[in-house]
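Listed below, chain by chain, are the residues.
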Amino acid sequence: MEIRPPHPDWPWTLSESGTIQTRFVWADIEYNLAELYPSSDSFLILEQKDPENPKNYWFIQSAIALRGPEKDNYIVGVGWNGAEGPVLLERCYHWKKLDTVIEIFERAFRREALDLTGYESFFD
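Residues numbered from 1 in each chain as written. Predicted model: local features only at pLDDT ≥ 70, side-chain atom pairs only at ≥ 80, totals over all residues. Heavy atoms only, no water.

1. Focus: the nonpolar core
Grouped burial of nonpolar side chains is what soluble globular proteins tend to show. Quick note on the threshold: Nonpolar cores were defined as sets of buried Ala, Val, Leu, Ile, Met, Phe, Trp, Tyr and Cys residues, with membership established by side-chain atoms within 4.5 Å. Throughout this description, buried means an accessible area under 20% of the type-specific maximum (1.4 Å probe, protein chains only), exposed means over 50%, and partly exposed covers the range between. Helix and strand labels come from DSSP, where a helix needs a run of H or I of at least four residues and a strand needs a run of E of at least two; each type is numbered from the N terminus. Any pair of residues with heavy atoms lying within 4.5 Å of one another is described as a contacting pair.
Counting 28 residues, the largest nonpolar core has Ile29, Leu33, Ile60 and Phe105 as the members making the most contacts within it. Listing elements by their share of this core, those giving two or more residues are β1 (12–16), α1 (26–34), β3 (43–50), β4 (53–64), β5 (74–82), β6 (85–93) and α2 (98–109). It is α2 that contributes the most residues to this core, 6 residues altogether. Not counting the four nearest positions on each side in its chain, Leu33 is found in contact with Leu44, Ser62, Tyr74, Leu98, Val101, Ile102 and Phe105.

Here it is as structure tokens:
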């Protein structure tokens, strides 16, 4: 499977629980990650879309798991439109690992390649 990093030129949008922002700084992302809480209305998505073709996209998202063995832990998902269809890779991080989640988002925000070791395909 291809692992696609954030696009070096596409603009970012930030969706905090459905409120979309086009103007923000890194501190906004870090703050919003720290403010996530267990609710279906609490999530953060950092997303890019190709200005020439909005069907081309890349995103990283996080929320708190509401049930199951990972309840109360962070879920981090990374997705893009792959050559054979949508790709969504996910991994859970212990609730005490907020610093790790912040680091992953910061690498993405800086448009650096991410280490997705341990991530699993949502579609498998």
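2. Some points on the side chain of Asp50
Defined as follows: Under the convention used here, Asp and Glu are negative, Lys and Arg are positive, and both His and the chain ends fall outside the count. Whenever a carboxyl oxygen of Asp or Glu lies within 4 Å of a side-chain nitrogen of Lys or Arg, that contact is scored as a salt bridge.
By the element assignment, Asp50 lies in strand β3. Buried within the structure, Asp50 lacks any salt-bridge partner; Arg4 is the closest side chain of opposite charge, at an N-O distance of 8.5 Å. Residue contacts for Asp50: discarding those within four places in its chain leaves Trp10 and Asn56.

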